[in-house]
Every structure is written in C-alpha cells, then in structure tokens.
Amino acid sequence: MKRLNCALIVGLLASPAVAADGKAVHDAVCYKCHRTGVDDAPKTGNKEHWAPRLTQGLPALYQAVLEGKGAMDPRAGREELTDEELKAGVDYLVGLVK
Ligand code: HEC
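Residues numbered from 1 in each chain as written. Predicted model: local features only at pLDDT ≥ 70, side-chain atom pairs only at ≥ 80, totals over all residues. Heavy atoms only, no water.

Asker: Which residues make up the layout of surface pockets, and what are the values?
Answerer: Estimated volume of the largest pocket: approximately 620 Å³. Around the largest pocket sit 29 residues that line it, and His34, Ala41, Pro42, Lys69 and Met72 are the ones nearest its centre. Among the secondary structure elements, those contributing two or more residues to the lining of the largest pocket are α2 (22–34), α3 (47–54), α4 (58–67) and α5 (83–96). (1 Å grid on protein atoms, 1.4 Å probe; cavity = no way out; pocket = protein on both sides within 12 Å on 5 of 7 lines; lining within 4 Å. Points joined across faces, edges and corners; volume = space filled by probe spheres on them. Helix = DSSP H or I, 4+ residues; strand = E, 2+ residues; numbered from the N terminus.)

Okay, here's the thing in structure tokens:
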C-alpha cells in the first residue's frame with residue numbers, strides 16, 4: 001500500500017501540465033485520515049459527516065486544507081502538492097457527498 005501511494009504521488013508530480021486528478025490526490029493523501037475518520041475527520045462519502053461542512057461553502061473548505069484545520073495539517077501535510085491538486089482533492093470529497 002505504501003509503495004502504491006508513492007507511485008501515485010510521483011505520478012502526480014511528474015505530470016504538472018495535466019489537470020489535477022482529485023481522486024488520485026484523495027486516494028494517495030486524503031484517504032489516510034478521511035477513510036477512517038481519525039481525529040473526527042469527516043469520512044469519505046459520508047453525507048451526514050459532510051453536510052455541516054458543506055454549509056460553509058467551497059472557499060472555506062479549500063482554505064481548511066490549504067491552511068490546515070484542527071488535526072489536519074496545512075496542505076494536508078504534503079508540501080509538494082500544488083494548490084490545484086489540494087483543491088481537486090476537496091472537489092472529489094465534496095462530489096461524493098452531494
Ligand atoms: C492527518 C489526517 C488528515 C489528512 C491527511 C487529510 N485530512 Fe482533511 N481533515 C482531517 C481532520 C481531522 C479534519 C477535521 C478538522 C476539524 O474540523 O477540526 C479534516 C477536515 C477536512 C475538511 C473539512 C474542513 C472544514 O472546514 O470543515 C476538508 C474539506 C478536508 N479535510 C479535505 C482534505 C483533503 C482534500 C485532503 C487531502 C489533500 C485531506 N483533507 C487530508 C484530517 C486529515
């Protein structure tokens with residue numbers, strides 16, 4: 001699993017010209033916490049968990065991941081990810097619970 005994550009991240013970094021792939025970002029980085037809901041992270045695909053978050057609007061959700069929130073580090077702890085990739089990760093998570 002670890003090897004797979006690395007491969008995905010290398011793949012992301014190797015193709016900066018391609019539009020960020022939110023699912024790839026999520027599966028490589030965000031899933032680690034959002035799958036299990038560790039530290040009260042809203043779970044991937046759980047509408048109940050996400051409903052109160054969505055009311056803040058997308059800009060606030062982008063800001064949370066860019067600047068960090070609670071137990072989530074700024075940039076989800078991944079300095080190497082671009083703003084576009086982080087936002088694509090948010091778009092993917094939000095798209096699952098709309
Ligand atoms: C280290 C664990 C961890 C990782 C990795 C992580 N998150 Fe989170 N995330 C959290 C936690 C914990 C919260 C709840 C924070 C709070 O409200 O106190 C959260 C909350 C959020 C929220 C809601 C913020 C809000 O204002 O309600 C979004 C959006 C989000 N994460 C997106 C992402 C994306 C996109 C990624 C991957 C690029 C990611 N997270 C990676 C732990 C993580």
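Still more to cover.
Asker: Describe the packing of aromatic side chains, and please don't skip the residues or the numbers.
Answerer: Throughout the structure, instances matching the rule amount to zero aromatic pairs. Above the face of the Tyr62 ring, Lys87 is positioned so that its terminal group lies 5.3 Å from the ring centre. (Phe/Tyr/Trp six-rings, centres within 6.5 Å; stacked < 30°, edge-to-face > 60°. Lys NZ or Arg CZ within 6 Å of the ring centre and 35° of its normal.)

Asker: Explain the confidence of the model for the chain residue by residue, including any values.
Answerer: Any region with low pLDDT has predicted coordinates that should not be read closely. Confidence along the chain averages 89 in pLDDT terms, with 82% of residues attaining 70 or more. Mean pLDDT across the elements of the chain ranges from a minimum in helix α1 (residues 2–14), with 60, to a maximum in α4, with 98. (pLDDT = per-residue confidence, 0-100.)

Asker: How would you explain the coordination of the iron atom of the ligand if you had to name every residue and give the values?
Answerer: Protein ligation of the iron atom of the ligand involves His34 (NE2) and Met72 (SD), the donor distances falling in the range 2.0 to 2.2 Å. A relative accessible area of 8% places His34 in the buried class. Overall, Met72 belongs to the partly exposed group, its relative accessible area being 27%. (Donors = N, O, S within 2.8 Å, 3.2 Å for Na, K, Ca; no water. Buried < 20%, exposed > 50% of the residue type's maximum accessible area, 1.4 Å probe, protein only.)

Asker: Provide a residue-level description of unusual backbone geometry, including the pertinent values.
Answerer: Look at Asp40: it is not a glycine, yet its phi comes out positive at around 65 degrees. One can find Asp40 in the loop between α2 and α3. Residue class for Asp40 comes out exposed when judged on its relative accessible area of 68%. One non-glycine residue, Ala76, adopts positive backbone phi at about 55 degrees. Mapped onto the elements, Ala76 comes out in the loop between α4 and α5. You can call Ala76 partly exposed: its relative accessible area is 25%.

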